[in-house]
Amino acid sequence: MVSTTTGSEIAVRQQRLLIPRLSLMMFMQFFIWGSWSVTLGLVMTQHNMSLLIGDAFSAGPIASILSPFVLGMLVDRFFPSQKVMAVMNLAGAVILWFVPGALVAENGALLIGLLFGYTLCFMPTLALSNNIAFHSLASSDKSFPVVRVFGTIGWIVAGIFIGVTGIASSTAIFTLAAICSVALAIYSLTLPHTPAPAKG
């Protein structure tokens, strides 16, 4: 009887710790997105690429349509969500690291290509983070909104941060996003194991 009570107490404690862990995941993910996407047009204007702003912002929606066909099947059948999320964020960080060079060189084709490649990596992580959260939370209908709101907070904090630091119109926003992506990739490996739903 004592061991059962102790076991249930441990489970409750772990569940309580799970919400802050998942909330931090959401915060970091949307901080990364908000740190570069909000002022992308301003940065492009600073580097004489204002005519390509529409093309740059089209990369995300197109990537959102294409990436689930391939990545969705791989995750559903073969790989745990948290590991795929780590790989995607690390690959995204590498791509983001080269974006400032394309802007400085005023190479529009390279910039659009890099942004498209990055969004192909990033957009699936939105579904992956939701999958990890829903799989891990005992009462997801009550707990998930609490976790998800930290994504919105992350977006807002990112906007305030780049404004306060004065990098909103600088290529430094991509360097910041790349560093945060590496941090999230590492953090993803510590998240609860979320097996492939359709494995076997």
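In this text the structure is predicted, and so the values were computed from the model without any measurement.

Notes on the overall build of the protein chain
Of the regular secondary structure elements, the protein chain holds seven helices and zero strands. Put simply, the protein chain runs from its N terminus to its C terminus through helices and strands in the order α-α-α-α-α-α-α.

Regarding the nonpolar core
Membership of the largest hydrophobic core comes to 51 residues, with the highest contact counts inside it found for Leu22, Met25, Trp36, Leu103, Leu111 and Phe174. Counting only elements with at least two residues in this core, the list comes to helix H1 (2-37), helix H2 (40-46), helix H3 (53-77), helix H4 (81-104), helix H5 (108-136), helix H6 (140-164) and helix H7 (172-188). Here Leu111 is in contact with Met44, Met49, Val99, Ala102 and Leu103, once residues within four sequence places are set aside.

A short note on the side chain of Ser136
Topologically, Ser136 is positioned in helix H5. Accessibility expressed as a relative area gives 15% for Ser136, which makes it buried. Here the side chain of Ser136 touches Ile132 through a polar contact of 2.7 Å, landing on its backbone oxygen.

A few points about the packing of aromatic side chains
Here the structure, examined in full by the defined rule, presents ten aromatic pairs. Look at Phe27 and Phe31: their rings are 6.1 Å apart centre to centre, the planes differ by 25°, and that puts the pair in the stacked class. In this pair, Phe27 and Phe31 both sit in helix H1, four residues apart, roughly one turn of the helix. Owing to a relative accessible area of 10%, Phe31 belongs among the buried residues under this scheme. Plain terms: the ring middles of Trp36 and Tyr118 are 5.7 Å apart, the flat faces sit at 80° to each other, and that makes the pair edge-to-face. Pair noted here: Trp36 is in helix H1 and Tyr118 is in helix H5, with a separation of 82 residues, a long-range link.

Considerations on the environment of Tyr118
You can call Tyr118 buried: its relative accessible area is 2%. As for Tyr118 and Gly92, which are separated by 26 residues in sequence, their C-alpha atoms are 5.1 Å apart. Beyond its immediate sequence surroundings of up to four residues, Tyr118 is in contact with Ile32, Trp36, Gly92, Ile95, Leu96 and Ser181.

As for a nonpolar patch on the surface
Residues Val38, Trp155, Ile156, Ile160 and Val164 make up a contiguous nonpolar surface patch of roughly 480 Å² in combined accessible area. Among the structural elements, Val164 can be located in helix H6. Judged by relative accessible area, which is 68%, Val164 ranks as exposed.

Quick look at H6
When the terminal C-alpha atoms of H6 are compared, their 35 Å separation across 25 residues agrees well with the 36 Å that a helix rising 1.5 Å per residue should span. Residues Ser143, Phe144, Val147, Gly151, Gly154, Ala158 and Ile162 constitute the buried set of H6.

Describing the packing of H4 against H5
If you want to describe how two helices pack, look at the angle between their axes and the distance between the axes. Between H4 and H5, whose axes approach to 8 Å, the crossing angle comes to 155°. As judged from the angle between their axes, H4 and H5 are roughly antiparallel. Considering the relative orientation of H4 and H5, their crossing is left-handed. Grouping the constituent residues of the contact of H4 with H5 by class yields 17 nonpolar, eight polar and no charged.

Rules used throughout
- Residues numbered from 1 in each chain as written.
- Predicted model: local features only at pLDDT ≥ 70, side-chain atom pairs only at ≥ 80, totals over all residues.
- Heavy atoms only, no water.
- Helix = DSSP H or I, 4+ residues; strand = E, 2+ residues; numbered from the N terminus.
- Core = buried A, V, L, I, M, F, W, Y, C linked by side-chain atoms within 4.5 Å.
- Buried < 20%, exposed > 50% of the residue type's maximum accessible area, 1.4 Å probe, protein only.
- Contact = heavy atoms within 4.5 Å.
- Polar contact = N/O pair within 3.5 Å; in protein donor to acceptor, adjacent residues only side chain to side chain.
- Phe/Tyr/Trp six-rings, centres within 6.5 Å; stacked < 30°, edge-to-face > 60°.
- Patch = residues over 30% accessible without salt bridge, like charges linked within 9 Å, V, L, I, M, F, W, Y side chains within 5 Å.
- Areas by Shrake-Rupley, 256 points an atom, 1.4 Å probe, with all protein chains shown as cover.
- Salt bridge = Lys/Arg side-chain N within 4 Å of Asp/Glu carboxyl O.
- Expected span 1.5 Å × (residues − 1).
- Axes fitted to C-alpha atoms, helices over the stretch in contact; angles between N-to-C directions.
- Parallel < 35°, antiparallel > 145°, perpendicular 65-115°, else oblique.
- Left-handed = near helix turned anticlockwise from the far one by under 90°.
- Nonpolar A, V, L, I, M, F, W, Y, C, P; charged D, E, K, R; others polar.

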